[in-house]
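# Descriptive analysis of the structure
So the chains spell out like this:
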Amino acid sequence: MKYHSWYPNKCYESHRLTIHYSPLTIHHMNYYSLNNQSPKVNFAQAAVKGQAPDKGLYFPENVPALPKDFIQRIRSLSKEEIGVTVMKPYVGESIPGEVLQGIVAETVNFDFPLVQVDENAYALELFHGPTLAFKDVGARFMSRCLGYFNRDSDKHTTVLVATSGDTGGAVANGFLGVEGVDVVILYPSGKVSPVQELQLTTLGQNIAAVEVAGSFDDCQAMVKQAFMDADLNSKLQLTSANSINVARWLPQQLYYFYAYQQWQHEQPPVICVPSGNFGNICAGILAYVSGLPVKHFIAACNTNDVVPRFLQTGDYEPKPAVATISNAMDVGNPSNFVRIMELFHQQLGDIKSILTSYSISDAATKATISEVYKKHRYTLDPHGAVGYYALHKYLADNNEKGIFLETAHPVKFPETVEESTGSKIEFPHSVQYLLGKQKESVLMEPSFGRLKEWLMAR
Ligand SMILES: *Cc1c(COP(=O)(O)O)cnc(C)c1O
């Protein structure tokens, strides 16, 4: 067996994950349920189902290794070439090559600039897509995949999704006008920002917004119950667009390749990811396991500190979500953390050797926005600020340079940002059209019974 020189071969002592050494010969990729009680499926089935019948998350049977010279050549490759190379083995035979190429090209048709903020920290700006947050990539990829899988079907698919802020807008935008697909978005009332709310409640057409008088966790619980409900599933072909869906989760790997493509230092970067449901960072770690050079990962959390605590104590204790100013990360029981556990075969020691996690308070987040604006004239959004702070916390003890993901545009959180910088944020052109629009939503108690009644009556 040959390992690439940069290969983190430590991760590969298990029976469970095997590596393919010649990605060109992969035609088939199976996904198994992390609860191990459901049959294996291919990419298309996993994307259409969202979650396995045994409630487990789907996980790829193999982590494909990158082509041998891919990393050396990465600077000469286009975003589309990188996208197709990375995604092809995961998609397997579910999507023909030329279709995949088209899907990838549409998914990544905006910029992912790496911007230096201070001597040691760089922002990977992931907010240049249509809804101004990183979730556009996953949502665009997934909507186009489902559109393709649905191409000959006369059966309607209903995408049911809970959002803590940004998912809703990205998914709504990705699916707007897609034939044969209805989208129902559940969001916690009063807990998303005005721009976020407009993005998910004003589109109309095949998009409906349910405003839940509760928390994001309530929304997520209602969605999870819907997938388990026999009546609903016999009436509707339900699928999830949350980051548990492999078609949303896996393309998030691309950010990390685009970051590395722009990285000018010899040592691989430390990468800090503002985290809530842990889908994004888990995709980054997957990219690393398949061969992307990364020095270390940092999961930057707000007050919702289940994972930082787990890494410290070894006890995983989900808690109700606490509302913070970085609301897209207000998650008390991150769905994707089980995937990180699986990648490292539940070995806490192995996870800790590549991943550190910090919990950052709202006060520190605001102070960071203020200080970075004053010192460096860079405007952080609250999520990016959590990332910037956590990155520096790590760099203080480690002589490295790093990247934090700027996961949303600051205009999505104008109150916090303007209060901290003392300066007004300009509305980007792309969202000005939202300002005069009328919100349309269905207000609902946080009860699955109510949701079911409403869905059955539609
Ligand atoms: C969704 C979101 C996050 C958290 O991402 P996860 O994949 O759920 O960890 C962070 N920042 C912003 C702006 C988001 O929208």
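This text follows the structure it describes.
Let us look at the structure shown here. (Residues numbered from 1 in each chain as written. Predicted model: local features only at pLDDT ≥ 70, side-chain atom pairs only at ≥ 80, totals over all residues. Heavy atoms only, no water.)

### What about the packing of aromatic side chains?
Pairs of aromatic rings are described using the distance from one ring centre to the other and the angle between the two planes. According to the stated counting rule, one finds 19 aromatic pairs in the structure shown. Ring centres 6.4 Å apart and planes at 50° place the aromatic pair Tyr 255 and Tyr 256 in the tilted group. Residue Tyr 255 shares its accessibility class with Tyr 256, and that shared class is buried. Judged by centre distance (5.5 Å) and plane angle (85°), the rings of Tyr 388 and Phe 404 are edge-to-face. Placement of the pair is Tyr 388 in helix α17 (residues 382-395) and Phe 404 in strand β12 (residues 402-406), with a sequence separation of 16 residues. Judged by relative accessible area, which is 9%, Tyr 388 ranks as buried. Residue Phe 404 is classed as buried on the basis of its relative accessible area of 0%. (Phe/Tyr/Trp six-rings, centres within 6.5 Å; stacked < 30°, edge-to-face > 60°. Buried < 20%, exposed > 50% of the residue type's maximum accessible area, 1.4 Å probe, protein only. Helix = DSSP H or I, 4+ residues; strand = E, 2+ residues; numbered from the N terminus.)

### Section: empty space enclosed by the protein
Enumeration over the complete set of coordinates arrives at 4 cavities of 30 Å³ or more. By volume, the largest cavity amounts to about 260 Å³. Around the largest cavity, the lining comprises 26 residues; the ones closest to its centre are Phe 134, Lys 135, Gly 276, Asn 277 and Ala 328. Of all the elements in the fold, those that place two or more residues in the lining of the largest cavity are α6 (166-175), β9 (270-274) and α12 (279-289). Tallying contributions element by element places α12 first for the lining of the largest cavity, with 3 residues. Across the lining of the largest cavity, the residue classes tally to 10 nonpolar, 13 polar and 3 charged. In this structure, the second largest cavity occupies an estimated 70 Å³ of space. (1 Å grid on protein atoms, 1.4 Å probe; cavity = no way out; pocket = protein on both sides within 12 Å on 5 of 7 lines; lining within 4 Å. Points joined across faces, edges and corners; volume = space filled by probe spheres on them. Nonpolar A, V, L, I, M, F, W, Y, C, P; charged D, E, K, R; others polar.)

### Comments concerning the pairing of strand β5 (residues 157-162)
Of all 6 residues in β5, 6 are buried, a share of seventy percent or more. Each parallel crossover has a hand, and for β5 linked through α6 to strand β6 (residues 181-188) it is right-handed. Two elements, β5 and strand β8 (residues 237-240), share 4 bridges in a ladder whose sense is parallel. Its bridge partner being in β8, Val 159 is matched across the sheet by Thr 239. (Right-handed = clockwise from strand over helix to strand, strands pointing away. Pairing = 2+ DSSP bridges.)

### Focus: the site of the ligand
Lining the immediate surroundings of the ligand are 15 residues, of which Lys 135, Asp 166, Gly 276, Asn 277 and Thr 407 lie closest. For the ligand, an oxygen atom lies 2.8 Å from a polar atom in the backbone of Gly 276. Surface burial for the ligand is 98%, taken as the share of its 380 Å² of free accessible area covered by protein chains. Most atoms of the ligand, that is more than half of them, are within 2 Å of grid points of the largest cavity. Classifying every residue of the shell around the ligand gives 6 nonpolar, 7 polar and 2 charged. (Near = heavy atom within 4 Å. Polar contact = N/O pair within 3.5 Å; in protein donor to acceptor, adjacent residues only side chain to side chain. Areas by Shrake-Rupley, 256 points an atom, 1.4 Å probe, with all protein chains shown as cover. Sits in = over half its atoms within 2 Å of the grid points.)

### Brief notes about the packing of helix α16 (residues 362-376) against α17
Where α16 meets α17, the closest approach of the two axes is 9 Å, and the angle between their N-to-C directions is 85°. Our classification of the angle between α16 and α17 gives roughly perpendicular. Side by side, α16 and α17 meet where Ala 364, Thr 365, Thr 368, Ile 369, Val 372 and His 376 of the first sit next to Pro 382, Ala 385, Val 386, Tyr 388 and Tyr 389 of the second. Broken down by class, the residue content of the contact of α16 with α17 amounts to 8 nonpolar, 3 polar and no charged. (Axes fitted to C-alpha atoms, helices over the stretch in contact; angles between N-to-C directions. Parallel < 35°, antiparallel > 145°, perpendicular 65-115°, else oblique. Contact = heavy atoms within 4.5 Å.)

### A word on the sheet that holds strand β3 (residues 114-116)
Across the sheet, 6 strands lie side by side as β3-β4-β12-β9-β10-β11; this open sheet has mixed pairing. At either end of the open sheet lies a strand with only one pairing partner, and these are β3 and β11 (355-359). Averaged over all neighbouring strand pairs, the angle between strand axes comes to 25°, with direction disregarded. Across 3 bridges, the pairing between β3 and strand β4 (residues 121-125) is antiparallel. By the bridge assignment for β4, Val 115 is matched with Ala 123. Where α12 meets the sheet, its contacts fall on β9, β10 (296-301), β11 and β12, and the angle it forms with β10 comes to roughly 175°.

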